[in-house]
Amino acid sequence: MNKLDINARGVYLIAVTPFAEDGSLDLASTDRMVDFYLERGANGLTILGIMGEATKLTAEESRTFTRQVLKRVNGRVPVVVGASSAGFAPMKELTQSVMDMGASGVMIAPASSVRTDEQILAYFDMVNETLGPDVPWVLQDHPVSTGVKMSNSVVLSILKNSLNCVMLKHEDCPGLGKLSAIRAASERGEVKRVAILTGNGGGLFLPEELSRGADGAMTGFVYPEMMVGVCNAHAAGDTERAHDIFDAYLPLARYEQQPVAGLAVRKHILAARGAIASAAVRRPGPKLSAADIADIDRLTRRQIKRLKELGLE
């Protein structure tokens, strides 16, 4: 098994969950989607996240989808599975199930019910107990979705208290100062160094986050080659090139990050690119209007033009 560890780098794509037009899981498209992401340079995949519509899946569908992804990946890259839950029993059940299938680790966000620093720390003490000593896990810091604001000191305390927490998924926004502070603390030896991959809406701050010490991105964007290109250019020391690549895709990335409609935008373009057969979003979910599709077409044409100017198309 390709277990997750603190050396994770690059781009871990947050995968969508493909559905057929009738709302059922589309496992054939799941294979196509995995191939699409890996052919474009993804270093890992993360499934059953927020943009993967995890809350709309039954427990059995979650296992079926995970099994299909892992079978198609076949050990080529690590696969992280979102296992956040309001209760620890379903968290433990899903974690044990996916790890037995060959998942590389799980991702856990704080429950929306915790508020104070003491409650957050106690919650993650229970996470450690629930997951056990053999499961690598990712701490997801995404207050927009959870409603839980974790301070720098709380994040550092969780890392100190959690032997098997090997990655921070940094999605606090604005969060560049927080990212800098956490990385500086590890460099001073105050806390162990873990991988830091960033979300922040399709990598909307990716070049700056890499400059602040992030090791890559764990987020979704319908053009994963953008994030791969930015990370590769930055790793090669060509910061200006990283910004040029990022800027060419930014208008469409921004459009994809609209609240509510963003998932429909992503699935529409993935279907247009041949990655999935249908753009269906499971109910309840958004649908695009003719005007939305016209916007996407315009932005795509402009993106192609700019990429040609940069010699990237």
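Our subject is the structure listed above.
The text that follows walks through the structure, step by step, so that each part is easy to find. (Residues numbered from 1 in each chain as written. Predicted model: local features only at pLDDT ≥ 70, side-chain atom pairs only at ≥ 80, totals over all residues. Heavy atoms only, no water.)

**So, the pairing of strand β6 (residues 165–170)**
Piece 1. Within β6, six of the six residues are buried, leaving the element largely enclosed by the surrounding structure.
Piece 2. Strand direction decides the pairing type here: strand β5 (residues 137–141) and β6, joined by five bridges, are parallel. Bridge assignment links Asp141 to a residue of β6, and that residue is His170.
Piece 3. As judged from the four bridges shared by β6 and strand β7 (residues 195–198), these two strands associate in the parallel manner. Counterpart to Lys169 in the pairing with β7 is Leu197.
Piece 4. What joins β6 to β7 is helix α7 (residues 176–187), and the crossover it makes is right-handed. (Buried < 20%, exposed > 50% of the residue type's maximum accessible area, 1.4 Å probe, protein only. Helix = DSSP H or I, 4+ residues; strand = E, 2+ residues; numbered from the N terminus. Pairing = 2+ DSSP bridges. Right-handed = clockwise from strand over helix to strand, strands pointing away.)

**What to know about the packing of helix α6 (residues 152–161) against α7**
For any two helices packed against each other, one specifies the inter-axial angle together with the distance between the axes.
Piece 1. Look at α6 against α7: their axes get within 10 Å of each other, and the N-to-C directions meet at 40°. One way to sum up the angle between α6 and α7 is to call them oblique. The two elements α6 and α7 cross, and the hand of that crossing is right-handed. Between α6 and α7, the residues in contact are Asn152, Val155, Leu156 and Leu159 and Lys178, Ala181, Ile182 and Ala185, respectively.
Piece 2. Among the residues making up the contact of α6 with α7, the classes are represented as six nonpolar, one polar and one charged. (Axes fitted to C-alpha atoms, helices over the stretch in contact; angles between N-to-C directions. Parallel < 35°, antiparallel > 145°, perpendicular 65-115°, else oblique. Left-handed = near helix turned anticlockwise from the far one by under 90°. Contact = heavy atoms within 4.5 Å. Nonpolar A, V, L, I, M, F, W, Y, C, P; charged D, E, K, R; others polar.)

**Digging into the nonpolar core**
Piece 1. Core analysis: the largest hydrophobic core is formed by 90 residues, its most contacted members being Tyr37, Ile108, Phe124, Trp137, Leu139 and Met150.
Piece 2. Of all the elements, helix α11 (residues 239–256) adds the most residues to this core, at eight residues.
Piece 3. Apart from the residues lying within four places of it in its own chain, the contact partners of Met150 are Pro110, Ile120, Phe124, Leu139, Gln140, Asp141, Val155, Ile158 and Lys178. (Core = buried A, V, L, I, M, F, W, Y, C linked by side-chain atoms within 4.5 Å.)

**Quick look at the packing of aromatic side chains**
Piece 1. Evaluated as defined, the whole model comprises seven aromatic pairs.
Piece 2. Note on Phe124 and Trp137: the rings are 5.7 Å apart at their centroids and 5° apart in plane angle, and the pair reads as stacked. With a gap of 13 residues between them, Phe124 in helix α4 (residues 117–131) and Trp137 in strand β5 connect regions that are remote in the sequence.
Piece 3. The exposure class assigned to Phe124 is buried, which follows from its relative accessible area of 2%.
Piece 4. Aromatic pair Phe221 and Tyr223: ring centres 6.0 Å apart, planes at 50°, arrangement tilted. (Phe/Tyr/Trp six-rings, centres within 6.5 Å; stacked < 30°, edge-to-face > 60°.)

**Section: helix α12 (residues 262–272)**
Piece 1. Within α12, eight of the eleven residues are buried, which leaves the element mostly enclosed by the surrounding structure.
Piece 2. The set of residues buried in α12 consists of Gly262, Leu263, Ala264, Val265, Arg266, Lys267, Ile269 and Leu270.
Piece 3. Looking at the residues trailing α12, positive phi occurs at Gly274, about 85°.

**Focus on the side chain of Asn200**
Piece 1. Within the secondary structure, Asn200 is located in helix α8 (residues 200–203).
Piece 2. Within polar-contact distance, the side chain of Asn200 engages the side chain of Glu209 at 2.5 Å.
Piece 3. The contacts of Asn200, once residues within four sequence positions are left out, are His170, Glu171, Asp172, Cys173, Phe205 and Glu209. (Polar contact = N/O pair within 3.5 Å; in protein donor to acceptor, adjacent residues only side chain to side chain.)

**Re the layout of surface pockets**
Piece 1. The computed volume of the second largest pocket comes to approximately 380 Å³.
Piece 2. Ala279, Ala280, Val281, Pro286 and Lys287 are the residues nearest the centre of the second largest pocket, which is lined by 17 residues in total. (1 Å grid on protein atoms, 1.4 Å probe; cavity = no way out; pocket = protein on both sides within 12 Å on 5 of 7 lines; lining within 4 Å. Points joined across faces, edges and corners; volume = space filled by probe spheres on them.)

**Observations concerning the sheet that holds strand β2 (residues 44–47)**
Piece 1. Taken in spatial order, the eight strands of this closed barrel run β1-β2-β3-β4-β5-β6-β7-β8, and their pairing is parallel. Recorded for the sheet is a direction-independent mean angle of 25° between the axes of neighbouring strands.
Piece 2. As judged from the two bridges shared by β7 and strand β8 (residues 216–219), these two strands associate in the parallel manner. Across the sheet, residue Leu197 finds its bridge partner in β8, namely Gly216.
Piece 3. Lying on the sheet, α4 is in contact with β4 (105–108) and β5; it crosses β5 at an angle near 155°.

**Comments concerning the pattern of salt bridges**
Piece 1. Tallied over the full model, the rule gives 21 salt bridges.
Piece 2. Between Glu53 and Lys56 there is a salt bridge, with its nearest N and O atoms 3.0 Å apart.
Piece 3. When its relative accessible area of 2% is taken as the criterion, Glu53 is described as buried.
Piece 4. Here Arg298 and Asp295 are joined by a salt bridge, their closest N and O atoms 3.3 Å apart. With Arg298 and Asp295 both in helix α13 (residues 290–309) and three residues apart, this pair spans about one turn of that helix.
Piece 5. A relative accessible area of 42% places Arg298 in the partly exposed class.
Piece 6. Within this structure, Arg9, Arg183, Arg193 and Asp215 form a network of salt bridges that share partners. (Salt bridge = Lys/Arg side-chain N within 4 Å of Asp/Glu carboxyl O.)

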